Number of protein chains: 4
Amino acid sequence: MSSKPLRADARRNRERILAAAEEVFGRRGTSASTEEVAATAGVAIGTVFRHFPTKQDLLSAIVKELLTRLTAEVTELTSADPTTALFDFFAGVVEQAAAKKSVVDLLAAGGIEVGVAEPLATLRDAIGALLTQAQQANAVREGVRLDEVMALLTATAQGALHGGWDDDLRRRTQEVIFAGLRP
Amino acid sequence: MSSKPLRADARRNRERILAAAEEVFGRRGTSASTEEVAATAGVAIGTVFRHFPTKQDLLSAIVKELLTRLTAEVTELTSADPTTALFDFFAGVVEQAAAKKSVVDLLAAGGIEVGVAEPLATLRDAIGALLTQAQQANAVREGVRLDEVMALLTATAQGALHGGWDDDLRRRTQEVIFAGLRP
Amino acid sequence: MSSKPLRADARRNRERILAAAEEVFGRRGTSASTEEVAATAGVAIGTVFRHFPTKQDLLSAIVKELLTRLTAEVTELTSADPTTALFDFFAGVVEQAAAKKSVVDLLAAGGIEVGVAEPLATLRDAIGALLTQAQQANAVREGVRLDEVMALLTATAQGALHGGWDDDLRRRTQEVIFAGLRP
Amino acid sequence: MSSKPLRADARRNRERILAAAEEVFGRRGTSASTEEVAATAGVAIGTVFRHFPTKQDLLSAIVKELLTRLTAEVTELTSADPTTALFDFFAGVVEQAAAKKSVVDLLAAGGIEVGVAEPLATLRDAIGALLTQAQQANAVREGVRLDEVMALLTATAQGALHGGWDDDLRRRTQEVIFAGLRP
DNA sequence: AATGAATGAGGCTTCATTCAT
DNA sequence: TATGAATGAAGCCTCATTCAT
């Protein structure tokens with residue numbers, strides 16, 4: 001899928017830029033400037049644009065990374081206790097969200113941007129598997145659909161992030177949702 | 001609190017600007033230009049800045065209005081059926097959110113902007129009353145606190161908005177939360 | 001045709017910008033920066049963009065002005081001696097060209113840019129009238145068409161400009177063309 | 001004149017770059033990017049700059065090549081029919097121009113760039129010989145000087161190029177000029 | 001008080017050129 | 001020598017805010 005392997009220094013820079021972008025957009029939101037990302041990464045502005053020809057591309061790259069990471073987590077959980085797997089994952093995402101900003105901005109925006117659609121669908125499927133398992137284990141009510149689980153997940157993630165919830169509030173809020181999901 | 005009473009035409013303009021701002025920011029998000037707000041209001045850009053010295057001020061004003069409106073709704077509901085009042089209100093807010101954009105952006109941002117803190121506290125209190133009533137009527141579990149109700153409310157409102165949920169998804173998502181709130 | 005009349009200061013600026021643009025693009029070619037035009041006009045960069053939302057728009061405006069001016073000249077000549085009118089006009093344009101750069105760049109580019117097409121057609125028609133008169137006065141050979149007159153005109157104008165021809169060379173070059181046009 | 005002889009592969013690269021540059025600048029004008037030239041040549045950008053330390057140098061090299069080629073053509077024609085040689089050459093150049101872009105841009109710019117002056121003078125001399133021959137064969141009027149022939153040539157070449165003249169218009173336009181040159 | 005033109009900092013992006021590999 | 005990544009100045013354009021009318 002990926003074209004020619006990057007030179008060592010190029011890959012190093014690419015990663016520094018991605019990290020910087022996650023940091024900066026996470027702190028300041030997606031309206032932070034590309035210039036600030038470059039500065040944080042310790043490279044010149046041109047270097048950012050060589051790796052990501054557009055600001056949008058940079059944002060997409062971050063989101064893709066996140067989605068891939070989340071999908072991996074879900075996949076791991078598929079072989080865990082079905083009674084708690086979905087809840088654990090849900091809680092994990094919400095916890096992470098509290099540290100990101102851009103990511104949630106974008107997920108919330110519907111992930112409409114080109115190229116994000118696919119990894120997003122993959123994640124969705126993975127979570128669907130978790131839900132099915134949970135329902136078969138009678139940990140989640142039959143009537144619940146994947147749609148609302150995803151909706152609750154993103155909504156709560158956004159809330160956790162933008163609202164600046166502390167650990168306790170996060171737990172209590174989730175508890176209501178988990179109670180609502182249980183049979 | 002408010003300085004000298006405005007001239008009739010000035011007040012009229014103020015209101016047209018607020019309405020335009022709600023419309024524009026609701027449609028385009030908070031990054032829409034003040035110029036567009038002015039155009040929609042049918043006034044010159046200078047007039048907007050005379051009434052709201054800063055874009056931030058304009059945004060704050062919208063949020064304040066919304067909070068005031070919501071508080072009024074809650075207060076009315078205080079004399080309604082305690083079993084459903086909280087749920088009705090919750091559902092109402094989420095429904096409105098689906099039509100606004102700016103408002104939720106801002107609420108989500110923590111309502112940090114100067115001057116919004118107070119009306120937000122007022123709204124919070126009003127909702128608190130609703131919650132107490134509901135618990136006394138045994139419609140909501142005892143352990144639930146106002147904190148998480150507020151958290152769920154804003155999170156869901158945001159989700160409804162940014163996620164572009166349709167009516168059905170909105171209902172199903174709320175149903176999970178309501179189930180989680182019930183005893 | 002023109003929308004609301006500009007405020008006095010706005011019109012003044014608009015004209016200063018146009019003049020500056022003609023000067024700058026005339027000296028440096030169309031690749032000169034809008035920033036330099038602004039500086040030359042003594043206004044801020046934003047002012048240039050308020051009057052001409054795009055660099056293209058600014059360039060088009062200059063060309064339109066020129067075409068309008070030329071058309072006026074041609075129209076005047078229509079009531080002059082048909083034996084010399086066309087030649088006089090031709091010579092006049094070529095002489096002016098030696099002082100412009102942008103204009104010729106653009107005319108040469110085919111005047112394709114939106115909005116220039118119409119005044120260009122008008123000019124063409126006016127020159128067509130001159131040609132017909134000249135042919136009726138037996139000053140130009142019958143077989144000659146407007147197409148090649150226009151072609152020779154722009155080509156020579158370009159040459160005069162870019163080639164940096166002096167007055168003598170300009171005259172001698174034209175004389176060849178004029179001899180070619182005569183019966 | 002030229003320093004140390006290039007290694008075989010280096011010379012090969014130099015030629016591929018020149019060819020690519022002619023193609024690219026001919027198609028896109030002199031504002032095309034050096035990067036695109038490199039890509040077309042199938043070499044890395046650094047290689048282009050090793051051979052031509054400056055974009056200007058690359059452009060000059062192309063022009064020199066063209067001038068040399070044209071001079072060769074003229075020299076050949078010196079032993080052809082003096083009645084038609086000059087006209088044939090003139091027509092040939094104009095025809096080529098319609099396919100190039102950069103070249104004419106540069107010739108038009110006065111060939112000011114360092115190093116082009118000399119081959120340009122050579123070409124001029126060669127054409128001068130053609131003119132003399134034509135005048136001796138009574139195919140061109142006595143009074144005509146080389147200056148205006150060169151001027152007409154470049155002007156028409158530019159016109160043919162930028163104006164996008166079709167074959168017919170090109171022929172008709174030249175015919176006027178040729179008629180003007182004849183006794 | 002309203003108007004709308006002017007300001008100018010700041011954002012995104014391109015590209016000639018340099019330099020480490 | 002070739003490669004191609006990095007640099008950073010410079011260009012175009014937007015928009016919050018100020019100020020003359």
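Residues numbered from 1 in each chain as written. Chains lettered and ligands numbered in written order. Predicted model: local features only at pLDDT ≥ 70, side-chain atom pairs only at ≥ 80, totals over all residues. Heavy atoms only, no water.

Digging into the overall build of chain A
So, point 1. Of regular secondary structure, chain A possesses nine helices and zero strands.
So, point 2. If you list the helices and strands of chain A from N to C, you get α-α-α-α-α-α-α-α-α.
So, point 3. Long-range contacts, defined here as pairs at least 24 residues apart, represent 70% of the contacts in chain A between residues at least 6 apart.
So, point 4. Carbon and sulfur atoms form 53% of the exposed surface of chain A, whose accessible area is close to 8800 Å². (Helix = DSSP H or I, 4+ residues; strand = E, 2+ residues; numbered from the N terminus. Contact = heavy atoms within 4.5 Å. Areas by Shrake-Rupley, 256 points an atom, 1.4 Å probe, with all protein chains shown as cover.)

Structural notes on the packing of helix 1 (residues 8–28) of chain A against helix 2 (residues 34–41) of chain A
Angle between the axes and distance between the axes are the two parameters that describe a pair of packed helices.
All names here are of chain A.
So, point 1. At a minimum axis distance of 8 Å, the contact between helix 1 and helix 2 shows a crossing angle of 125°. By the angle between their directions, the pair helix 1 and helix 2 is classed as oblique. Two packed elements cross with a definite hand, and for helix 1 against helix 2 that hand is right-handed. In this structure, helix 1 contributes Arg16, Ile17, Ala20, Ala21, Glu23, Val24, Phe25, Arg27 and Arg28 to the contact, and helix 2 contributes Glu36, Val37, Thr40 and Ala41.
So, point 2. Considering only residue class, the contact of helix 1 with helix 2 consists of seven nonpolar, one polar and five charged. (Axes fitted to C-alpha atoms, helices over the stretch in contact; angles between N-to-C directions. Parallel < 35°, antiparallel > 145°, perpendicular 65-115°, else oblique. Left-handed = near helix turned anticlockwise from the far one by under 90°. Nonpolar A, V, L, I, M, F, W, Y, C, P; charged D, E, K, R; others polar.)

What to know about the relation of the copies chain C and chain D
So, point 1. At an RMSD of 0.5 Å, chain C and chain D line up after a rotation of 177° and a shift of 0.1 Å along the axis. Interpreted geometrically, this transformation is the action of a two-fold axis. Relative to the rotation axis, the C-alpha of Gly180(C) is the closest in chain C, positioned 1.6 Å from it.
So, point 2. Comparing contact sets, 100% of the residues at the interface of chain C also lie at the interface in chain D, consistent with an isologous, same-surface contact. (Least-squares fit on C-alpha atoms with pLDDT ≥ 70 in both.)

Topic: the side chain of Thr71(A)
So, point 1. Mapped onto the fold, Thr71(A) is located in helix 4 (residues 55–77).
So, point 2. Excluding residues that lie within four positions of it along the chain, Thr71(A) makes contacts with Pro119(A), Thr122(A), Leu123(A) and Ala126(A).

Observations concerning the protein's contact with DNA strand E
So, point 1. Of all residues adjacent to DNA strand E, which total 34 residues, the nearest are Phe49(A), Thr47(B), Asn13(C), Thr47(C) and Arg50(C).
So, point 2. If you look at DNA strand E and keep only atoms within 4 Å of the protein, 70% of those are sugar or phosphate atoms.
So, point 3. At 2.8 Å, a backbone N or O of Ala44(C) approaches a phosphate oxygen of DNA strand E.
So, point 4. Here a phosphate oxygen of DNA strand E sits 2.6 Å away from a polar atom, N or O, in the side chain of Thr47(C).
So, point 5. Of all the secondary structure elements, the ones that give two or more residues to the surface near DNA strand E are helix 3 (45–51) of chain A, helix 1 (8–28) and helix 3 (45–51) of chain B, helix 1 (8–28) and helix 3 (45–51) of chain C together with helix 3 (45–51) of chain D.
So, point 6. Taken together, the residues that form the surface near DNA strand E break down as 13 nonpolar, 14 polar and seven charged. (Near = heavy atom within 4 Å. Polar contact = N/O pair within 3.5 Å; in protein donor to acceptor, adjacent residues only side chain to side chain.)

Some details on helix 9 (residues 167–181) of chain C
So, point 1. Its 15 residues place the ends of helix 9 of chain C 21 Å apart at the C-alpha level, agreeing with the 21 Å of an ideal helix rising 1.5 Å per residue.
So, point 2. Sitting at the amino-terminal end of helix 9 of chain C is Asp166(C), which places a side-chain oxygen 3.1 Å from the backbone nitrogen of Asp168(C). (Expected span 1.5 Å × (residues − 1).)

A short note on the domain arrangement of chain A
All names here are of chain A.
So, point 1. What the domain assignment lists for chain A is domain 1 (1–53) and domain 2 (55–181).
So, point 2. Approximately 1300 Å² of surface area, both sides summed, lies buried where domain 1 meets domain 2, with 65% of it carried by carbon and sulfur atoms.
So, point 3. Sorting the residues of domain 1 by area buried against domain 2 places Glu22, Phe25 and Thr30 first, and these three jointly supply 44% of that buried surface.
So, point 4. The interface formed by domain 1 and domain 2 includes one salt bridge.
So, point 5. Two residues, Glu22 and Arg69, come together in a salt bridge whose shortest N-O distance is 3.7 Å.
So, point 6. Counting across the domain 1 and domain 2 interface gives two residue pairs in polar contact (both at pLDDT 80 or more).
So, point 7. When residues of the side of domain 1 that touches domain 2 are traced back to their parent elements, those giving at least two are helix 1, helix 2 and helix 3.
So, point 8. Element by element, the count of residues in the side of domain 1 that touches domain 2 is highest for helix 1, at eight residues. (Domains from an automatic or database assignment. Buried area = accessible area lost by both parts, 1.4 Å probe. Salt bridge = Lys/Arg side-chain N within 4 Å of Asp/Glu carboxyl O.)

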